[in-house]
Amino acid sequence: MKDRATTAGANALEDWNRPPVFETEGEGELLEVSMGPHHPSTHGVFRMDVVLDGERVIKLKPVFGYLHRNHEQIAQGASYLAAMPYTDRLDYFCSLTNNWAYALAVEKLVGQAVPERAEYIRVITAELTRVQNHASAIGFLIQEMGASGTPLMYAFREREKILDLFESLTGSRMMCNYMRFGGCRVDPSPAWFEATRKVVAGLPKFVDEFEALLSANEILMARTQGVGILRSELAVNAGVTGPMLRGSGVNYDIRKVDHYGIYDRFKFRVPLGEQGDVFDRYMVRILEMRESVGILEQALKEVPAGPIMDPKAKIRGFRPKPGEAYGRIEAPKGELGFYLISDGGPNPYRYRVRPPSLINLTVLEDMCLGQNVADVVLIFGSVDIVLGEVDR
Amino acid sequence: MLGEGILKGLAETAKNFAGSFVSKERLTTVEYPEERIAPVEAARVFPFLIYDGSDWEKGMRCVACQICEKECPPKCIYIEKSKDKKPDFVGKPQIYPAKFDIDISVCMSCQICVEVCPFEAIKMDNEFELATDDRFGGLLLDRKQLAKPNEYYHKIHPTEAAAVDAKLAEEKAKAEAKAKADAAAKAKTAADAAAKAASAPKTPEGGTGTPTSEATKPPEPAAKSTPKTEGGD
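## Thoughts on the overall build of chain A
Thought 1: Regarding its fold elements, chain A presents 16 helices and 8 strands.
Thought 2: Its C-alpha atoms give chain A a radius of gyration of 22 Å, within 12% of the compact-globule value 21 Å for 392 residues.
Thought 3: Across its three principal axes, chain A shows a C-alpha extent of roughly 75 × 50 × 35 Å.
Thought 4: Across the 392 residues that make up chain A, the buried fraction comes to 48%.
Thought 5: Once local pairs closer than 6 in sequence are excluded, the contacts in chain A between residues at least 24 apart make up 72%.

Okay, here's the thing in structure tokens:
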């Protein structure tokens, strides 16, 4: 028994085919720590096998799959429409952008047009989603730094207002299930637009307040600047997208690159970081919130009247012709893509999700090597993941 | 100065703390069981079945077409068709669900059953206080527990219910008009045949005579022939 245990431990170390970066100093021994899966900083159930030399991380192995729900297989067995509510449960903070990505993929597959009004509503809901996601992501990040509560509560206060808008529009706060192939499910009432304008008008004030609370804070700077640096080459090679990639200074925003939806009509800038450290990722999110508010203001001014759903779009008996399509959008966390292959049947032959959370997580070890254990939690928080999307 | 940022942040929290004593807007907490916020109109929790009139079994709109059962993403609906038929809101005899169970421990409140239902028979409830100590039986609702009157639907989703009622009334009027037109057409052909048979040997002006016969005669045969056509169906 004893032998087996020791050899298993040795193998586990050897299996990570990366040589140790740091030699042990002095006579100390390496310590293997399993962080998670019930660690409060892991945003769900996620485990990190960390090998430590004193306080410094010399190896880190992410272990996930605790929340695996067989999403892709379920979607392949169900009709195209039936997969829509399941997409809500991928990244449950941003169900509306998930809906949009899936609707976009199916619309590409069948060549379905979307009415003008629905496009505007999609942009408005997606940008509201981005604001609330970034606000709570920053809140969690600061919480993981040890500021227990205050910034997170500020973020959640604002998020609550946005979720109230979602609830009055779609009937559910988080599991919106709102978009359909060829439009959106319900037409927002004038009262909803009024309420949205009111919330959007309050958002710049919220971001100012949030920044006054945090951006100049010396503790935050000391903890985040120069920590968890992600070089731009590595970020590009690893396929990292979203605020993480832009935090490393790569100008890549799918809203600008892919011209999906009607984003061409709005003026907005893409904030970029320089160092690629945690502080840059924090700052990129703050600035993106400001840009999103700008898009919201423009979109709310120009919403046209008209149908919300293409009258020719079918709800029942939906059978696309054989073919394949990949629809992707700039979700708050990065590139969210859905890849579909149709064989002409009522359900997709292949349904694949390209989740930003999972792929952004692949560079976790590279960012954490040589850092302190306390910073691992912080770096992990700056990736901004939701385990529902990582494990699917 | 070192610490300036921290002080600035603390000033922000102090402002919010002091503000919570002044402005009502900042005090959003509601003490739940005693105080309640009314759910928004669009709120959805679990589905229920609508019936018209006072008898839930007779007025049930569901015709057990099983579309919702097929489309339900987590497959939480179970329907068994009836062997016999009963008249629906238009008066057409229809199958009804002998069994209609929804397992709300599986249901994920996605509303797809509501969207695909062609008969406006299933709608979303906003009742959320459904805790029970019976894990299996208490969360498996049968058709009697699911049946709720149309008035209840009007109470929880007024605008949506009004639109649905208007749509159903229109459908009913259309169905009635169609039935009437069918009957009238049948009566007319019958009358025409009768008139032809009667007038064939009599006069050569049968062509000009038809308009008058059309205007005066149809009502009587129509009234007589409606039961006939329905029995025929």
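## Here's the deal with the sheet that holds strand β4 (residues 122–124) of chain B
Residues and elements named next belong to chain B.
Thought 1: Spatially, 3 strands are ordered β4-β1-β6 in an open sheet, and the strand pairing comes out mixed. Every interior strand has two partners, whereas the edge strands, β4 and β6 (147–149), have only one. Pairwise comparison of adjacent strand axes, ignoring direction, gives a mean angle of 50° for this sheet.

## With respect to the domain arrangement of chain A
Residues and elements named next belong to chain A.
Thought 1: Assigned domains of chain A: these are domain 1 (2–63) and domain 2 (82–391).
Thought 2: A separation of 33 Å is found between the C-alpha centroids of domain 1 and domain 2.
Thought 3: Listed by partner, the interface residues are 16 residues for domain 1 and 18 residues for domain 2.
Thought 4: Every element with two or more residues in the side of domain 1 that touches domain 2 is listed here: β2 (47–53) and β3 (56–63).
Thought 5: If you tally residues by element for the side of domain 1 that touches domain 2, the top one is β3, at 5 residues.
Thought 6: Residues of the side of domain 1 that touches domain 2, tallied by class, amount to 11 nonpolar, 3 polar and 2 charged.

## Considering the pairing of strand β3 (residues 93–103) of chain B
Residues and elements named next belong to chain B.
Thought 1: Where strand β2 (residues 77–87) and β3 come together, 8 bridges link them in antiparallel fashion. Paired with Pro 87 across the strands is Pro 93, a residue of β3.
Thought 2: Bridge analysis of β3 against strand β5 (residues 140–141) gives 2 bridges, and the strand direction is antiparallel. Bridge pairing in β5 links Ile 102 to Leu 141.

## Some thoughts on the packing of helix α4 (residues 95–110) of chain A against helix α5 (residues 116–145) of chain A
Residue and element names in this part refer to chain A.
Thought 1: One way to put it is that α4 packs onto α5 with a least axis distance of 8 Å and a crossing angle of 135°. Comparing the axis directions of α4 and α5 gives the class oblique. The crossing of α4 and α5 is left-handed. In this structure, α4 contributes Leu 96, Thr 97 and Trp 100 to the contact, and α5 contributes Arg 122, Thr 125, Ala 126 and Thr 129.
Thought 2: Class assignment for the residues of the contact of α4 with α5 results in 3 nonpolar, 3 polar and 1 charged.

## Considerations on the interface of chain A and chain B
Thought 1: Tallying the contact residues gives 25 residues for chain A and 23 residues for chain B.
Thought 2: Those elements that provide at least two residues to the side of chain A that touches chain B are α3 (83–88), α6 (150–170), α7 (190–214) and α8 (218–224) of chain A.
Thought 3: For the side of chain A that touches chain B, the element with the highest residue contribution is α6 of chain A, accounting for 5 residues.
Thought 4: Looking at side-chain class alone, the side of chain A that touches chain B contains 13 nonpolar, 8 polar and 4 charged residues.

## Describing the environment of Lys 85 of chain B
Residue and element names in this part refer to chain B.
Thought 1: Assignment of secondary structure puts Lys 85 in strand β2.
Thought 2: Between the alpha carbons of Lys 85 and Cys 110 there is a distance of 31 Å; along the sequence they are 25 residues apart.
Thought 3: Sequence-distant contacts of Lys 85, that is, excluding residues within four places in its chain, are made with Pro 93, Gln 94 and Ile 95.

## Brief notes about helix α15 (residues 373–383) of chain A
Residue and element names in this part refer to chain A.
Thought 1: Counting buried positions over the 11 residues of α15 gives 9, a clear majority of the element.
Thought 2: Buried residues of α15: Asp 375, Val 376, Val 377, Leu 378, Ile 379, Phe 380, Gly 381, Ser 382 and Val 383, and no others.
Thought 3: A positive backbone phi angle near 60° is found at Asp 384, which sits one or two residues after α15.

## Comments concerning the nonpolar core
Thought 1: Ala 83, Ala 101 and Val 376 of chain A together with Leu 49 of chain B are the most contacted members of the largest nonpolar core, which has 128 residues in total.
Thought 2: The dominant element in this core, judged by the number of residues it contributes, is α5 of chain A, at 14 residues.
Thought 3: Each residue touching Ala 101 of chain A, except ones within four places of it in the same chain, is listed here: Gly 327, Arg 328, Ile 329, Ala 331, Leu 336, Gly 337 and Phe 338 of chain A.

## Some remarks on the environment of Asn 237 of chain A
Thought 1: The topology assignment puts Asn 237 of chain A in helix α9 (residues 232–237).
Thought 2: Expressed as a C-alpha distance, the spacing of Asn 237 of chain A and Val 123 of chain A, which sit 114 residues apart in the sequence, is 30 Å.

## Quick word on α5 of chain A
Residues and elements named next belong to chain A.
Thought 1: Look at α5: 44 Å from first C-alpha to last across 30 residues, which is about the 44 Å you get at 1.5 Å a residue.
Thought 2: Taking burial as the measure, the 30 residues of α5 include 26 buried ones, the bulk of the element.
Thought 3: Just past α5, the residue Gly 146 takes up positive phi, approximately 115°.

## Brief notes about unusual backbone geometry
Residue and element names in this part refer to chain B.
Thought 1: Backbone geometry at Gln 66 places phi at a positive 70°, although glycine is not the residue there.
Thought 2: Tracing the backbone shows Gln 66 in the loop between α2 (56–59) and α3 (67–71).
Thought 3: The residue Gln 111 is not glycine, and still its phi comes out positive at about 80°.
Thought 4: Assignment of secondary structure puts Gln 111 in the loop between β3 and α4 (112–116).

## A word on the sheet that holds β3 of chain A
All names here are of chain A.
Thought 1: Sheet architecture is open: 3 strands sit in the order β1-β2-β3, paired in antiparallel fashion. With one partner strand each, in any of the chains shown, β1 (31–35) and β3 form the two edges of the open sheet. Neighbour-to-neighbour, the strand axes of the sheet open up by a mean angle of 20°, direction not taken into account.
Thought 2: Pairing analysis gives 5 bridges linking β1 to β2, with the strands arranged antiparallel. Its bridge partner lying in β2, Leu 31 is registered against Leu 52.

About the criteria used
Residues numbered from 1 in each chain as written. Chains lettered and ligands numbered in written order. Predicted model: local features only at pLDDT ≥ 70, side-chain atom pairs only at ≥ 80, totals over all residues. Helix = DSSP H or I, 4+ residues; strand = E, 2+ residues; numbered from the N terminus. Rg over C-alpha atoms; globule rule 2.2 N^0.38 Å. Buried ≥ 20, exposed ≤ 12 C-beta atoms within 10 Å, placed from the backbone. Contact = placed C-beta atoms within 7 Å. Pairing = 2+ DSSP bridges. Axes fitted to C-alpha atoms, helices over the stretch in contact; angles between N-to-C directions. Domains from an automatic or database assignment. Nonpolar A, V, L, I, M, F, W, Y, C, P; charged D, E, K, R; others polar. Parallel < 35°, antiparallel > 145°, perpendicular 65-115°, else oblique. Left-handed = near helix turned anticlockwise from the far one by under 90°. Core = buried A, V, L, I, M, F, W, Y, C linked by C-beta atoms within 7 Å. Expected span 1.5 Å × (residues − 1).

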